[in-house]
Amino acid sequence: MEDEVDRLVGAWRSERPELDVEPLHVLSRVSRLSRHLDRARRAVFAAHDLESWEFDVLTALRRSGSPYQLNPGQLLRATLVTSGTMTNRIDRLAAAGLVQRHPDPQDKRGVQVRLTGTGLARVDAAFGDLLDRERELLISLSEVERKQLADLLRSLLIPFDQS
């Protein structure tokens, strides 16, 4: 079987035979797969009236455990965005009734961002549907293949996460 990346690599080998295009076999597939996964995820989120960034913030809060709250700095680390972006996101989620700001009892100048009941219900429903969709996307791989793929991708990802 040949895929789009095989055709792309073949074209580059023909056009630039002096270059080693081997990295494309892996990384172009990862890149293309990322785009396909992003589309599938966005469709699930849209069914729950959520954007991808909203899901990221809400799941960070949900994973934190009851009472489902974090301070903005913790949210920054969990979602890899700037403080200005996070402030804007918190404002928008609060306006939508999905989160609330509360004074931080440990820091008089700080706040805690907490999921509302509506936010909790929405993120739980979206997450369940996301897992169902992602399970469907992996159906062609055996359990052993999924584990192998996860291990290989982890090896590629760790250096990025440690920097």
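Everything below is about the structure shown above.
A brief structural summary.

Definitions and cut-offs
- Residues numbered from 1 in each chain as written.
- Predicted model: local features only at pLDDT ≥ 70, side-chain atom pairs only at ≥ 80, totals over all residues.
- Heavy atoms only, no water.
- Pairing = 2+ DSSP bridges.
- Helix = DSSP H or I, 4+ residues; strand = E, 2+ residues; numbered from the N terminus.
- Salt bridge = Lys/Arg side-chain N within 4 Å of Asp/Glu carboxyl O.
- Buried < 20%, exposed > 50% of the residue type's maximum accessible area, 1.4 Å probe, protein only.

**Regarding the pairing of strand β2 (residues 99-104)**
As judged from the 6 bridges shared by β2 and strand β3 (residues 107-115), these two strands associate in the antiparallel manner. By the bridge assignment, V99 is partnered in β3 with L115. The antiparallel pairing of β2 with β3 creates a hairpin that spans 2 residues between the two strands.

**A few points about the sheet that holds β2**
Remark on secondary structure: sheet strands pair via backbone hydrogen bonds, oriented parallel or antiparallel. What the 3 strands build is an open sheet, ordered β1-β3-β2; its pairing is antiparallel. The open sheet has two edge strands with one neighbour each: β1 (69-70) and β2.

**Thoughts on the pattern of salt bridges**
A complete count under the given rule lists 14 salt bridges for this structure. In this structure, R42 and D38 form a salt bridge, with 3.0 Å as the shortest nitrogen-oxygen distance. With a gap of 4 residues between them, R42 and D38 both fall in helix α2 (residues 23-47), about one helical turn apart. Where R101 meets D91, a salt bridge forms, and the shortest distance between an N and an O atom there is 2.5 Å. Linking R101 in strand β2 with D91 in helix α5 (residues 83-95), this pair joins segments that are 10 residues apart in sequence. Here R101 falls in the partly exposed class, since its relative accessible area comes to 37%.

Everything listed here is a matter of geometry and, on its own, says nothing about what the molecule does.
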